Each structure stands twice: as C-alpha cells, then as structure tokens.
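# Report on the structure
Here's the letter readout for the chains.
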Amino acid sequence: MDFAEGVGESSSPPRSFGSFSNYDVRNDVFNRLVENGHGAALTNPEFREQLDAHFNRLPASYGLDVNIDRVEDVLLHQKLLALAKDPEKRPVYHIRFLENISRTDVNGNQDLPSILTTPGQSINGANIEALSHKRTRNHTSDFEPCSKLEDLNLDVGEKNSKDTEEQCAKKMLSRRQESFPIYIHEVIFCTVDRPKLLSQLSTLLSNIGLNIREAHVFSTTDGFSLDVFVVDGWLVEDTDGLYEAMEKAIAKNEGSWSKSSHCHSATEKPLATPSKLGDWEIDRRLLKIGERIASGSCGDLYRGVYFGEDVAVKILRSEHLNCAQEDEFAQEVAILREVHHRNVVRFIGACTKFPNLCIVTEFMPGGSLYDYLHKNRNVVKLPQLLKFAIDVCRGMEYLHQNDIIHRDLKTANLLMDTDNVVKVADFGVARFQSQGGVMTAETGTYRWMAPEVINHQPYDQKADVFSFSIVLWELVTAKIPYESMTPLQAALGVRQGMRPELPSDAHPKLLELMQRCWDETPCDRPAFSDVRAELENLLIEVQENSEVNRT
C-alpha cells in the first residue's frame, strides 16, 4: 500500500503507559484483604511479598483493571498462574457465572462493566477450590416445562394434541422472547504465552458456541499468559455443562498447550513452518478501531485494540480494489505469516473475508525513523546511529536468509518500539525471491530506489542493500535524500549516476560503507550479513574510544 512518502506503518506518538508511581493498587488490595479477614493476609508474614511478586510479573495495566471491591480475584489469578507452571495441568481454566441481562437490556445497548469490575459472585480467598478441569457449581436456572397446566388447553381432545403442542411451543417461545435472559459468564485461561495463543483461545470459545463480549489479556515476565474473557451464548447459569464442553474442546487439541513460547533469532532457529490455514484469521467484531494514522491510495492505517493489545490496522478500501491490489494484499499476508524476528514488525493476524480486508500488526509507539529524523528533528549521536543501522541490518539479513525481498526499504517503513528498537515494517510490495520469474517492475519509493529498479532491469536482494545506503545517509545527515528535487527528478538523477552528497563530518568508515552499498553494480554491493558485521565492529570501536576519552 502506497502511503504518503515518509509515513510509516503503525507510526504514532509514543504511548503513555500507566504505572504505580503515584498510586499503588497493591496497598489497597492488601488492606482490603485484611479488612475482609482473609486468613493468609492476617497470619502469613510472607503474604505481602507474594502479593507484590504477583503484581510485578504482570504489566501495569493489570493493576489498573483490578476492582478493589473484588480483591479476592487477584488471589484467584495468582493461583491460576501457579497451577499453570505444571505442564500436565495446562491450560488451567476457571469458569464462573457473573450475571444475566434481559433482551431489553441488549436492545437498549446497555454496556457491561469491565471484566475485572463486573459485579457477580465473590470468591472467598481462603476457599478457592482446585481450578483446572474442575467444576465450579453455581445456582441453576431451569426453563419452564411446556407441560405446566396453565399453559395447556384442557378442553381440546386427543385428536388435537398436535395442535395443542404447537400452540404451547409458540406460547412458550413468545414468553421466552419477552423475558429470556442472556447469561454472562467469565472464563479465565492460564498457560504458556506464545504466538497465536489469542487466536487459539478465541477459536476454542467460538467452537463451544460462546460469544466474546470483552477480553483482557496479560503476559507475565516469565512467559505465561493470563487471559480473562467475558462471554455470552451459554443458555443456563450453571457452569457444569460449560466445563464439560470446555474439556472436550481442549481435548481435541491436546498437546498444543504446553509448548514453550520462547523464540530464537534467525541465526538460532530456521523459519517457522507455515501456520494452519485460518489460525491467524481475525474476527473483525473483536477489533476496536481508533484514530487514523495515515492514508494511502487504496486504504488507511489506524491505531486499534485487539484483545487488550494496542495494534496497527491496515484497512483496505475494498470498493476500489483491483486484481493487482488484491494480489498485493494476499502476498503481504503470506509473507507476514512466515516471519518472526526481533527486528521485523510482528504479525498478529488478518481479516481476509471480503469486504472487510485488513492486516493487523503490533503497534509501534516510537513511530517511524522518518518522523524521528525529519519531523521531530532529533540529532542522532554516532553510537545510537549505529544501533539503529544494526537493527535494520539484522531485520533485513533475516528476510534475505528466508528469500524475501522487501523492495520498499526506507525510513518511513522502519518503526521503533518504546526501547528504540528498530523493526522493518510494511511488506505490501515484498516478494519471495523463490517464486520464480525475473523481477523488473518499478517497485518502491523513488528517493530510496536502486537504479536497476528504476531502469526496469532485473534485480535481486541487492536492490534492498542500495535502499539501505540511502537510509544510512539519512541517519548520518538527518536530511531527506534529494530534498530539493521532486521524487521523479531524483529517480532520473540516480539513473544517471547521481548519489546524495557525502557529509564532511561523518565517520570515514561509514562513508566508505555507504558508497559500497550504493554501488552502480549490484553484485559489488555487500550482503547485509557483511554490513551488519562491519557496523557492529565500528560500534565496539566507538564505544571503546569513548571509554578511553572518559578516563
């Protein structure tokens, strides 16, 4: 998708995260447990330390969602996570009834409270029962049987019994439509955190016939996931049948719940095998769309929320799509499904059901390198500059190792997280080199485009290396390449051998590397593995010199 030049996928101002700096909910939780006479809070000297440890392994957003009137829920979550450490018990899950709402409530668009603040039965922290594959017995609510005398016409004879039954059924249906409640349940899962877990859990709930009304998802610092869903669709208040349905659904995927979530870099582990068709499919109803970040020729980029996680959502305008753009969309999804690396933007899923076509990736709160350099006008010191460049090289090296050519490498498509780690993004025109055929199409953005691409000559991965040289020049100069020219003028100049003017104050090794990367002859340009190694050595040299100068 061709977004405006300089606008990167997922770019946005840095996110402001909640913290416990001014208000620490842990104090209130502990004090309330003491007030409630919770045994361990009163007698166990290590209780407060264990409570703090529970909060510390979860993100700050968890503390912000705690309902102080239901502090026993914190102990429930703590116990679930403890049980999840046993592979034989995964996934640990807990189900309970919360409330019922009438159909008039739904038609009136009555909002449900947050899942951690929904009023409902409280669990006594001293009596939390075994939670994995166990029953939590709640009150039952039976339907009225059709044989109740007041609902039958006793004057009708035997021969009209069929008509009587039909009238009874219609009468009961009408009554149920007027007063039939919708039962709201809470389902909590704890297991090892891993890619596609949310998709697996939402599919599991859907297969049982449950509708997800709300979801809060928390990843712990030690690799586990606490996922809390509020659902409807179960037709009775009692949870016994729901537990049985859950057990059967989980049994169908036995063995997939205990796998480790820890990932390795491309140099440690080969590219993952393709996912099963559809396990990355996004249910558009669960995707909350926020502010628009950027617009392109055939779609828009939005900030959104998916299962409690900030995401970037690329939405295609389906009414204007042509065959080529549909192929581009399918190609981007196919590539994103295959890549997983620290320096490549993380794919979350896609909606491929026409007309709701969209791609969902992790949200990058640091914005793009383009904005960092040119809009925010940051001056990048050499050590940070080298770290940025090394991140780009690592991401591109991984892609090239897996036969992927990006074809639109530029600072607008290089995004930063909260720690200023740079990730390669936007695979709208990327391609698997192993697909066959000779690539000659003019693809990319003129200011960063290699001469062989501009000239419609055959090209390969070395076209990305040329684009990187322009990115490196941007990092060194903090200027837009060929700033005084239009993009087309710049392309014509590059065809004739023009390159950006070399800065006089840059490190000589960077200048020499830059010139090799933008060499006219593609085979004379270095591979990203070589570029990365040179930059890493230069970073070590710069850091050592800095230490010497300090002493």
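Residues numbered from 1 in each chain as written. Predicted model: local features only at pLDDT ≥ 70, side-chain atom pairs only at ≥ 80, totals over all residues. Heavy atoms only, no water.

If you tally the helices and strands in the protein chain, you get 17 helices and 14 strands. For the protein chain, the residues scored as buried account for 50% of the 551 residues in total. Taking the contacts inside the protein chain whose residues are at least 6 apart along the sequence as the reference set, 71% of them involve residues at least 24 apart. Carbon and sulfur atoms provide 48% of the accessible area of the protein chain, an area that totals close to 26700 Å². (Helix = DSSP H or I, 4+ residues; strand = E, 2+ residues; numbered from the N terminus. Buried < 20%, exposed > 50% of the residue type's maximum accessible area, 1.4 Å probe, protein only. Contact = heavy atoms within 4.5 Å. Areas by Shrake-Rupley, 256 points an atom, 1.4 Å probe, with all protein chains shown as cover.)

With that settled, consider the environment of Val379. Its location among the elements puts Val379 in the loop between α11 (369-375) and α12 (382-401). Under the relative-accessibility criterion, Val379 is labelled exposed at 76%. Taking C-alpha positions, Val379 is 9.0 Å from Leu475, a pair spaced 96 residues apart along the chain.

The next thing to look at is the packing of α12 against helix α17 (residues 528-550). Relative orientation of the contacting elements α12 and α17 amounts to 160 degrees, with a least axis distance of 9 Å. Relative to α17, α12 is oriented roughly antiparallel. Along this stretch, α12 crosses α17, giving a crossing that reads as left-handed. Residues Leu382, Pro383, Leu386, Lys387, Ala389, Ile390, Cys393, Arg394, Met396, Glu397 and His400 of α12 pack against Phe528, Ser529, Val531, Arg532, Leu535, Glu536, Leu538, Leu539, Val542 and Gln543 of α17. Residue classes in the contact of α12 with α17 are distributed as 13 nonpolar, three polar and five charged. (Axes fitted to C-alpha atoms, helices over the stretch in contact; angles between N-to-C directions. Parallel < 35°, antiparallel > 145°, perpendicular 65-115°, else oblique. Left-handed = near helix turned anticlockwise from the far one by under 90°. Nonpolar A, V, L, I, M, F, W, Y, C, P; charged D, E, K, R; others polar.)

Right, let's talk about the nonpolar core for a bit. Judged by nonpolar contacts, the single largest core of 76 residues is most densely connected at Leu399, Phe427, Phe468 and Leu535. It is α12 that provides the largest number of residues to this core, a total of ten residues. Here this core gathers at least three residues from each of two domains, domain 2 (284-362) and domain 3 (367-549). For Leu399, the contacting residues outside a window of four places in its chain are Val339, Val344, Ile404, Val424 and Phe427. By size, the runner-up hydrophobic cluster in this structure holds 33 residues, among which are Leu201, Leu287, Tyr306 and Phe307. (Core = buried A, V, L, I, M, F, W, Y, C linked by side-chain atoms within 4.5 Å. Domains from an automatic or database assignment.)

A separate point is empty space enclosed by the protein. Throughout the structure, instances matching the rule amount to four cavities of 30 Å³ or more. If you add up the space inside the largest cavity, you get close to 80 Å³. Of the residues that constitute the lining of the largest cavity, the class distribution is seven nonpolar, four polar and three charged. (1 Å grid on protein atoms, 1.4 Å probe; cavity = no way out; pocket = protein on both sides within 12 Å on 5 of 7 lines; lining within 4 Å. Points joined across faces, edges and corners; volume = space filled by probe spheres on them.)

Turning our eyes to something else, we now look at the pattern of salt bridges. Within this structure, the stated rule accounts for 26 salt bridges. The salt bridge involving Asp73 is made with Arg70; its shortest N-O contact spans 2.8 Å. By relative accessible area, which is 6% here, Arg70 ends up buried. Ionic pairing is found between Asp232 and Arg213, a salt bridge with its closest N-O pair at 2.5 Å. Taken together, the residues Asp232 in strand β4 (residues 224-232) and Arg213 in strand β3 (residues 211-219) connect sequence positions 19 residues apart. For Asp232, a relative accessible area of 10% corresponds to the buried category. A residue is classified by how much of its surface remains accessible, and Arg213, at 32% relative accessible area, is partly exposed. Each of Arg70, Asp73, Arg96 and Glu186 takes part in salt bridges that share partners, so that together they form one network. (Salt bridge = Lys/Arg side-chain N within 4 Å of Asp/Glu carboxyl O.)

So, on to the sheet that holds strand β12 (residues 414-416). In spatial order, the strands read β10-β12-β13; together these three strands make up an open sheet with antiparallel pairing. Edge positions in the open sheet fall to β10 (367-368) and β13 (422-424), since each of these has one partner strand only. By the bridge criterion, three bridges tie β12 to β13 in an arrangement that is antiparallel. Bridging across to β13, Leu414 finds its partner in Val424. (Pairing = 2+ DSSP bridges.)

Moving on to the side chain of Lys423. Checked against the element boundaries, Lys423 lands in strand β13. The exposure class of Lys423 is buried, given its relative accessible area of 13%. Those residues in contact with Lys423 that lie beyond four places of it in its chain are Arg342, Asn343, Val344, Val345, Glu362, Met364, Asn413, Leu414, Leu415 and Asp417.

Here the focus is the packing of aromatic side chains. This structure, assessed with the given rule, holds eleven aromatic pairs. Consider the rings of Phe189 and Phe229, whose centres lie 6.0 Å apart with planes at 80 degrees: the pair is edge-to-face. Highlighted residues: Phe189 in strand β2 (residues 182-192) and Phe229 in strand β4, separated in sequence by 40 residues. For the pair Phe189 and Phe229, a shared accessibility class is recorded, and that class is buried. (Phe/Tyr/Trp six-rings, centres within 6.5 Å; stacked < 30°, edge-to-face > 60°.)

Here we come to the layout of surface pockets. The gaps of empty space that remain are located by a probe, the size of a water molecule, rolled over the atoms. What the second largest pocket holds in volume is close to 390 Å³. Lining of the second largest pocket is provided by 21 residues; of these, Val380, Leu475, Val476, Thr477 and Ala478 occupy positions nearest its centre. Of all the secondary-structure elements, those providing two or more residues to the lining of the second largest pocket are α11, α12 and α14 (462-477). A total of three residues in the lining of the second largest pocket trace back to one element, the largest contributor, which is α14. The residue inventory of the lining of the second largest pocket, partitioned by class, reads twelve nonpolar, four polar and five charged.

Let's shift gears to the side chain of Lys410. Mapped onto the elements, Lys410 comes out in the loop between β11 (404-405) and β12. Note on Lys410: relative accessible area 5%, which makes it buried. For Lys410, the contacting residues outside a window of four places in its chain are Thr445, Trp448 and Val471.

So, about helix α1 (residues 25-35). Among all positions in α1, only Val25, Arg26, Val29, Phe30 and Leu33 are buried. The buried side chains of α1 occupy one side of the element, clustering within an arc of 135 degrees when seen end-on. At its buried positions, α1 is contacted by α2 (39-43), α3 (47-56), α4 (60-65) and α5 (72-83). (Arc of directions from axis to C-beta.)

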